Amino acid sequence: MTTPESTPATTDSVAADHRLHPMSWLFVLLQQLKQFILPLIVLLFFGRGDRNELWPLIGVGVLVVLSLWQYFTYRYGVAGDHLVIRSGLLERSLRVIPFARIHNVALQQSVLHRVFGVAEVRLESAGGRKPEAEMRVLKLDDALALESLVRRRGAAVVESADAEPDARTLLSLPLGEVLRVGLVSNRGMIVVGAAAAAVSQYSPRAMPNLFGEVSGRMFGYAGSHGFGMVEYGASALALVVLVVGALRLFSVLLALLQYYGFRLSEHGRRLTVERGLLGRWRTSASRRRIQAWTLHEGVLHRLLRRRSLDVDTAVAEDGRQQRALRELAPIATPAACDALIEHLLPRAGWSRLQWRALSTSAAWRMFLPSVPWVLVVAAALSWRFGAWGWLALAWLPWAAFKAQRRARRAGYALSDELIAVREGWWSRHWRFAELDKLQALHLTRSPIDRRCGTATLWLDTSGAGAMTPPLRIRFLPEAEAVGLYDSLSRTLAQRPLRW
Amino acid sequence: MTEPLNAHADTVAWQPLPTRARLLFVLAPTLPLFFVSLFPAFTLSRLLDVWAILPALPLLAAALGAWIGTKQYRHTWWRLDDDGLAIRRGRLWQRETRVPATRVQHLDIKRGPLQRSRGLATLVVHTAGTRHSAVTVPNLDAGDAERLRDRLGRQIDHDDDA
């Protein structure tokens, strides 16, 4: 695949002639300063006169020198089907990255980046903690050129199709849809949580004080007026509505910032997602790098008649999801989601899958584990509160109903190309992966499973996030599970891994 | 004893671990349980003023650990067939993991001092997966481990870098 002429020995002589943007040192510096800037400001403005607080400025000076140093020593260039990056002056490093190994290209622009017309570029390969290359920052044109180069060369190496295909928009979100993304998501909670964490970091007493003051005033006001039961109920309800409304507003605002102008497009075999109102993100990954798919439909989704479609790609994951290609459709109608899957997985036959439901006895299997818990809780409550505690037993019929609903919804489908699982009743999801992308098989039986004659089959794919539901078929009759396990392991052994 | 999870026993038999591995299996849960139980045993014996708790509780914990370890030793099996490597563990919670040979990324053999003295080795099979990215076969016979590594490693050479 790689020609011997383009080995590092020869690339060394090839001029790595491209440089970072002249202002790149500023962005490197800002990145470094991010963690110091707030304490620094606090010190400057709230410090107590003696000038010792200015010592950190020396550190800033050192950082300036370091960032300039990085600018002057960092070069990159293209040699054949490799990208060559040289950095360092005293301790030199030369890194060679074959285009075909680059899984993901991420371009990120904050507001400041956009002012200067530059972008931060990250090239990621599968696995590992850190990206293969992080270029902070390139001129936007250079960044886009690099991205298209990766796209073209990577494609050329893989399937020798040189002609650059046109971009095709697969999905774009108008403003109304972006607002819907905000409505269904719980991002508002994240904002509030982060704000609370940040505040309490600077002053541990700030949050309790604030709470104490607000509630003190409220209850003081209420206490001094002596309202009736109805008024209390109404005001409590109003408060809840207010809080929920504020959280939704936050998440709508956040969705606007993150998803404004969302566009999923396709260049040949590469998918590109662009989004963002103030800062812009542009992520692109090859279609075949997608490891597994998640289609999700929560309660609010159903009210709005929408679903969301996420994918796992096997790239270096450092917890910042915005970098990797994750969301193919933050929100779309069920038909649009199906069309998207059908378009991206043409051979899998997503809409023609034969779904196999669980047997009706699976409902019992789901219901059983909740029985001991409910009994324990009810016993504890009745010990504490008397006969009223036994009301907790009313949970049992509800649990049975829930188990029955969930059992009716759950199922799996298997085709020559694809394995898919659906689960959930209140909040539903479909999870599926191509057979070629499966890595390992795992079959488990708990003591309850052995009594009920069921088993759970786990299918492992790479790049699955901690928050994505696992690809597993639960509560299968044992013989069916073992049969599936055997036939899948035979299939996997015959098919080479493509990822 | 227990009926096997996978009833269709194929031509290749499930391999047990060598008897030499027993001690290591027993030690693995016994020692931590023993030392962890020392602190509550000490506190309880002071609180209740019953000195007998001090030796009794750790010994009980150690016995429990030894029992768990013996069970784990007895219910660990491995098998290498044409498809790849399979490991079966546990009795109450039965788990069977299969790594098809085509999915093996790289292999590790680890040998601690105790394992070296008894001719044992732990084989770690790495895949590109997430939850089962490292499948471990503990305390194999060292020769078996090396044979497994060679067999599974050969497969990696076969498929070229696509």
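Remember, predicted model here, so these are calculated numbers, not experimental data.

Participant: Any chance you could explain the confidence of the model for chain A here in plain terms?
Facilitator: Predicted coordinates in regions of low pLDDT should not be interpreted in detail. Residue and element names in this part refer to chain A. Residues of chain A with pLDDT of at least 70 account for 84%, and the chain-wide mean is 82. Across residues 1-13, confidence stays below pLDDT 50; counting only partners more than four residues off in sequence or on other chains, it has 15 contacts. Throughout residues 157-163 the model reports pLDDT below 50, and contacts reaching past four residues in sequence, or to other chains, amount to 10 contacts.

Participant: Got a minute to help me understand the environment of P470 of chain A in this structure?
Facilitator: By secondary structure assignment, the location of P470 of chain A is in the loop between β20 (454-461) and β21 (472-477). Along the sequence, P470 of chain A and T360 of chain A sit 110 residues apart, while their C-alpha atoms lie 23 Å from each other. Among all residues touching P470 of chain A, those that are not within four sequence positions of it are R431 and W458 of chain A together with R131 of chain B.

Participant: Would you mind going over the UniProt feature "transmembrane region" (unreviewed entry) in chain A with me for this structure?
Facilitator: Residue and element names in this part refer to chain A. On the UniProt side, "transmembrane region" (unreviewed entry) is annotated at positions that read residues 25-47, 54-72, 236-260 and 362-381 here. Counted over residues 236-260, helix gives 96% and strand 0%. Its end C-alpha atoms are 35 Å apart. Here residues 362-381 is 90% helix and 0% strand, with 30 Å between the C-alpha atoms at its ends.

Participant: What am I meant to see in the pairing of strand β12 (residues 290-297) of chain A here?
Facilitator: On any regular strand, side chains alternate: one points to one face of the sheet, the next to the other face. Residue and element names in this part refer to chain A. Most of β12 is tucked away, with 7 of its 8 residues classed as buried. Both β12 and strand β13 (residues 307-313) contribute to a ladder of 6 bridges, which runs antiparallel. The residue bridging L295 from the neighbouring strand is L309, located in β13. Relative to strand β18 (residues 428-434), β12 runs antiparallel, the two being bridged by 5 bridges. Bridging from a neighbouring strand, W293 pairs with F432 of β18.

Participant: Is there a simple way to explain the interface of chain A and chain B in this structure?
Facilitator: As a measure of interface size, the accessible area lost when the parts come together is often cited. Each partner contributes to the interface: chain A provides 37 residues, whereas chain B provides 27 residues. Carbon and sulfur atoms supply 47% of the area buried between chain A and chain B, which totals about 2900 Å² over both sides. At the surface where chain A touches chain B, the tally comes to 2 salt bridges. A salt bridge links D83 of chain B to R490 of chain A; the nearest nitrogen and oxygen atoms lie 3.5 Å apart. For the pair chain A and chain B, the number of links is 21 residue pairs in polar contact (both at pLDDT 80 or more). Contributing elements (two or more residues each) for the side of chain A that touches chain B: β19 (438-445), α15 (447-452), β20 and α16 (478-494) of chain A. Residue classes in the side of chain A that touches chain B are distributed as 17 nonpolar, 9 polar and 11 charged.

Participant: Please clarify how the UniProt feature "transmembrane region" (unreviewed entry) in chain B should be interpreted in this entry.
Facilitator: Those residues carrying the UniProt feature "transmembrane region" (unreviewed entry) are residues 23-44 and 50-69 of chain B in this numbering. Measuring from the first to the last C-alpha atom of residues 23-44 of chain B gives 31 Å, for a span that is 100% helix and 0% strand.

Participant: Looking at this model, I keep getting lost on the UniProt feature "domain: YdbS-like PH" (unreviewed entry) in chain A. Mind explaining?
Facilitator: All names here are of chain A. Feature annotation in UniProt assigns "domain: YdbS-like PH" (unreviewed entry) to the following positions: residues 71-147, 259-314 and 408-482. Strand forms 59% of residues 259-314 and helix 12%; the C-alpha atoms that close the span are 23 Å apart. Along residues 408-482 one finds 17% helix and 52% strand; the C-alpha atoms at either end are 22 Å apart.

Participant: Please clarify how the environment of G69 of chain B should be interpreted in this entry.
Facilitator: All names here are of chain B. Among the secondary structure elements, G69 is positioned in helix α2 (residues 53-74). Considered as a pair, G69 and L24 are 45 residues apart in the sequence and their alpha carbons are 8.3 Å apart. In contact with G69, not counting residues within four places along its chain, are F25, V26 and P29.

Participant: Is there a simple way to think about the packing of helix α1 (residues 22-48) of chain B against α2 of chain B in this case?
Facilitator: The relative placement of two packed helices comes down to the angle between their axes together with the axis-to-axis distance. Residue and element names in this part refer to chain B. Contact pair α1 / α2: the axes reach a minimum separation of 6 Å and the direction vectors enclose 160°. One element, α1, and the other, α2, form an angle in the roughly antiparallel class. As for how α1 packs across α2, the hand of that crossing is right-handed. Residue classes in the contact of α1 with α2 are distributed as 20 nonpolar, 7 polar and 2 charged.

Participant: Honestly, the pattern of salt bridges in this entry has me stumped. Any pointers?
Facilitator: Pairs can form between side chains of opposite charge whenever their charged atoms are close. Residue and element names in this part refer to chain A. In total, this model carries 32 salt bridges over all chains according to the counting rule given. A salt bridge links D312 to R431; the shortest N-O distance between them is 2.7 Å. With D312 in strand β13 and R431 in strand β18, the pair connects residues that are 119 residues apart, well separated along the chain. With respect to class, D312 is no different from R431; both count as buried.

Calculation notes
Position numbers for residues count from 1 along each chain, tracking the sequence in the order it is written. Following the order in which they are written, the chains are lettered starting with A and the ligands numbered starting with 1. Given that the model is predicted, a residue must reach a pLDDT of at least 70 before its local features are reported, and side-chain atom pairs must reach 80 or more before they are shown or counted; all residues, however, enter totals for whole chains, interfaces and linings. For side-chain calculations, the full set of non-hydrogen atoms in the structure is used, while hydrogens and water are omitted. The quantity called pLDDT is the predictor's confidence in a given residue, expressed from 0 to 100. For this analysis, residues touch if any pair of their heavy atoms sits within 4.5 Å. A helix here means a DSSP run of H or I that spans at least four residues, while a strand means a run of E at least two residues long, and both kinds are numbered starting from the N terminus. UniProt positions are given in the numbering used here, feature names are shortened, and annotations may be inferred rather than shown by experiment. When accessible area is computed with a 1.4 Å probe and restricted to protein chains, residues below 20% of their type maximum are described as buried, those above 50% as exposed, and intermediate ones as partly exposed. We treat two strands as partners when DSSP finds at least two bridges between them. Buried area is a sum: the accessible area each of two parts loses on coming together, probed at 1.4 Å, counted once for each and added. Whenever Lys or Arg places a side-chain nitrogen within 4 Å of a carboxyl oxygen from Asp or Glu, that contact is recorded as a salt bridge. We call two N or O atoms a polar contact when they sit within 3.5 Å, provided that within protein one can donate a hydrogen and the other can accept it, with sequence-adjacent residues counted only if both atoms are side-chain atoms. Under the grouping applied here, Gly and all other residues not named as nonpolar or charged are polar, the nonpolar ones being Ala, Val, Leu, Ile, Met, Phe, Trp, Tyr, Cys and Pro and the charged ones Asp, Glu, Lys and Arg. Throughout, an axis means a line fitted to C-alpha atoms (over the contacting stretch in the case of helices), and angles, computed between N-to-C directions, take values from 0 to 180 degrees. The labels follow the angle: roughly parallel below 35 degrees, roughly antiparallel above 145, roughly perpendicular from 65 to 115, and oblique for the rest. By the definition used in this description, the sense in which the near helix is turned from the far one sets the handedness, with an anticlockwise turn below a right angle giving left-handed and a clockwise turn giving right-handed.

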